[in-house]
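Below are the chains, spelled out letter by letter.
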Amino acid sequence: MNVHDFAAAKRDGRKLTFTTCYDWWSARILNESSVDGILVGDSAAMVMHGHLTTLPATPEMMSFHIAAVARGAPDKFLIGDMPFPWHRKGIPAAMDVVDAFLTAGAHAVKLEGIEGHEEIVRHIAGSGVPVMGHVGLTPQSVNALGGYRVQGRSEDAAERLVEESRRLEQAGCFSLVVEGVTSGTAAAITRAVSIPTIGIGAGIEVDGQVLVLHDLAGLQREVKPKFVRVFADGYGMLLKAVEDFDRSVKDGSFPSEDETYE
Ligand code: KIV
């Protein structure tokens with residue numbers, strides 16, 4: 001997939017799928033799957049490093065994860081998430097992060113929001129680097145939003161999000177993550193822009209969906225937002241494997257003769 005394929009998917013009404021990924025071994029699995037793209041999200045700070053928000057993500061942390069994923073999924077379109085506040089530090093600082101991400105193997109970058117950094121979005125996209133926008137519940141603004149709250153509930157709020165989405169398209173974004181908004185607002189955004197909208201907690205009337213890999217694979221049990229569908233019990237499967245190993249060592253059945261060098 002490339003940016004033209006994403007545009008064509010929207011024109012043809014073909015749904016797009018993205019998942020997050022942060023490491024080499026799960027990237028190998030995604031590379032073999034039919035997902036359309038991989039997002040190395042700043043959710044890495046939470047999922048891989050145990051922080052409570054995405055705010056502790058840094059360019060170094062993100063580049064490290066992007067490089068591992070790029071090695072594991074060489075056939076997939078890879079998007080690196082700009083950590084806060086690097087798109088608020090001016091064009092040179094933002095471009096240093098873009099440079100680091102491209103060097104690590106990303107094909108595109110994602111930036112949250114638009115107010116105050118529209119020119120930076122325009123500059124990155126104008127430099128020939130595909131930019132994915134992100135509107136709605138933008139987790140980097142969790143403290144200003146007063147928590148992880150669904151956005152776009154009132155008519156005014158919905159109109160504001162539609163307007164922001166239009167501006168992101170005009171600034172050169174090739175696609176748009178629409179996170180944590182009512183389905184009606186997500187549908188209005190999807191109709192208002194000609195670039196594909198990728199929803200997360202945004203209902204079905206969008207052009208595609210993205211989920212955190214560890215959520216969809218049931219690899220974490222701490223939180224399960226309403227919008228997540230858990231497609232497997234990855235946590236239980238790993239726990240069982242480790243418990244079986246532990247028991248087998250302790251009851252003397254591992255290693256067997258077949259698992260031992262003569
Ligand atoms: O950081 C992330 O993983 C994201 C997605 C959930 C859209 O931004």
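Residues numbered from 1 in each chain as written. Predicted model: local features only at pLDDT ≥ 70, side-chain atom pairs only at ≥ 80, totals over all residues. Heavy atoms only, no water.

### Some remarks on the side chain of Gln 151
Applicable threshold: Strands are runs of DSSP state E lasting at least two residues, helices are runs of H or I lasting at least four, and both sets are numbered from the N terminus onward. Buried means the residue's accessible area, taken with a 1.4 Å probe over protein chains only, is under 20% of the maximum for its type, while exposed means over 50%, and partly exposed covers the values in between. What qualifies as a polar contact is a pair of N or O atoms within 3.5 Å, subject to a donor-acceptor requirement within protein and to the restriction that residues adjacent in sequence count only when both atoms come from side chains. Residues count as neighbours in contact if any of their non-hydrogen atoms are within 4.5 Å of one another.
Topologically, Gln 151 is positioned in the loop between helix H7 (142-145) and helix H8 (155-170). Gln 151 gets classed as buried once you look at its relative accessible area, which sits at 18%. Here Arg 149 takes part through its backbone oxygen, which lies 2.8 Å from a polar atom of the side chain of Gln 151. Excluding residues within four positions of it along the chain, Gln 151 makes contact with Gly 136, Leu 137, Leu 145, Leu 161, Gly 180, Val 181 and Thr 182.

### A closer look at the sheet that holds strand S4 (residues 108-110)
Filter applied, for reference: Two strands qualify as a pair provided DSSP detects at least 2 bridges between them. Interaxial angle, 0 to 180 degrees, is taken between N-to-C directions of lines fitted to C-alpha atoms, where a helix line uses only the stretch in contact.
Pairing is parallel around the closed barrel formed by 8 strands, whose spatial order is S1-S2-S3-S4-S5-S6-S7-S8. In this sheet, neighbouring strand axes are inclined to one another by 25° on average, regardless of whether the strands run parallel or antiparallel.

### Quick look at the nonpolar core
For soluble globular proteins, the rule of thumb is that nonpolar side chains tend to be buried together. Stated precisely, the cut-off is as follows: For our purposes a nonpolar core is just a set of buried Ala, Val, Leu, Ile, Met, Phe, Trp, Tyr and Cys residues, chained together by side-chain atoms within 4.5 Å.
Counting residues in each nonpolar core, the largest one holds 48 residues, and the members touching the most others are Val 109, Leu 111, Ile 124 and Val 131. Looking at this core, the element that brings in the most residues is helix H4 (residues 59-72), giving 6 residues. If we ignore the near neighbours within four places in the chain, the residues touching Val 131 are Val 109, Leu 111, Val 121, Ile 124, Ala 125, Cys 173, Phe 174 and Ser 175. Val 210, Leu 211, Leu 216 and Val 228 belong to the second-largest nonpolar core, a separate cluster that totals 18 residues.

### As for helix H11 (residues 234-250)
To keep things clear, this is the line we draw: Multiplying one less than the number of residues by 1.5 Å gives the expected span of a helix.
For H11, built from 17 residues, the straight-helix expectation of 24 Å at 1.5 Å per residue is met to within 8% by its first-to-last C-alpha distance of 24 Å. A positive backbone phi angle near 80° is found at Gly 252, which sits one or two residues after H11.

### Quick notes on the domain arrangement of the protein
Our working definition: An automatic or database domain assignment supplies the start and end points of every domain. The quantity reported as buried area is the accessible area (1.4 Å probe) lost by two parts once they are put together, taken as the sum for both.
Parsing the protein into structural domains produces domain 1 (3-231) and domain 2 (234-262). Distance between the C-alpha centres of domain 1 and domain 2: 39 Å. Contacts between the two partners involve 5 residues from domain 1 and, on the opposite side, 4 residues from domain 2. When the buried surface of domain 1 facing domain 2 is broken down by residue, Gly 218, Leu 219 and Arg 221 rank first, second and third, together holding 79% of it.

### A closer look at the packing of H4 against helix H5 (residues 91-104)
Put simply, the test is: For classification purposes, angles smaller than 35 degrees are called roughly parallel, those larger than 145 roughly antiparallel, those between 65 and 115 roughly perpendicular, and all remaining angles oblique. With the far helix as reference, a near helix turned anticlockwise by less than a right angle produces a left-handed crossing, and one turned clockwise produces a right-handed crossing. Charged residues are taken to be Asp, Glu, Lys and Arg, nonpolar residues to be Ala, Val, Leu, Ile, Met, Phe, Trp, Tyr, Cys and Pro, and polar residues to be all remaining types, Gly included.
Packing of H4 against H5 brings their axes to within 8 Å, and their N-to-C directions diverge by 20°. In this view, H4 runs roughly parallel relative to H5, as classed from their interaxial angle. In terms of crossing hand, the pair formed by H4 and H5 is right-handed. For the pair H4 and H5, the contacting residues are Pro 59, Met 62, Ser 63, Ile 66, Ala 67 and Ala 70 in the first and Val 97, Ala 100, Phe 101 and Ala 104 in the second. A per-class count over the contact of H4 with H5 returns 9 nonpolar, 1 polar and no charged.

### Re the pattern of salt bridges
The cut-off we apply is this: Salt bridges, as used here, are contacts in which a Lys or Arg side-chain nitrogen is within 4 Å of a carboxyl oxygen on Asp or Glu.
Under the counting rule described, the total for this entry stands at 11 salt bridges. The closest approach of N and O atoms between Arg 166 and Glu 163, which form a salt bridge, is 3.5 Å. With Arg 166 and Glu 163 both in helix H8 and 3 residues apart, the pair spans about one turn of that helix. The exposure class assigned to Arg 166 is partly exposed, which follows from its relative accessible area of 36%.

### Here's the deal with the pairing of strand S6 (residues 175-179)
Which entries qualify depends on this criterion: Seen with the strands pointing away from the viewer, any crossover whose path from the first strand over the helix to the second strand runs clockwise is right-handed.
In terms of residue burial, S6 counts as a mostly covered element, since 5 of its 5 residues are buried. Along S6, one buried face is formed by Ser 175, Val 177 and Glu 179 and the opposite face, lined by Leu 176 and Val 178, is buried too. Across 5 bridges, strand S5 (residues 131-136) lies against S6 in parallel orientation. By the bridge assignment for S6, Gly 136 is matched with Glu 179. Read from S6 through helix H9 (residues 183-192) to strand S7 (residues 197-200), the crossover connection turns out right-handed.

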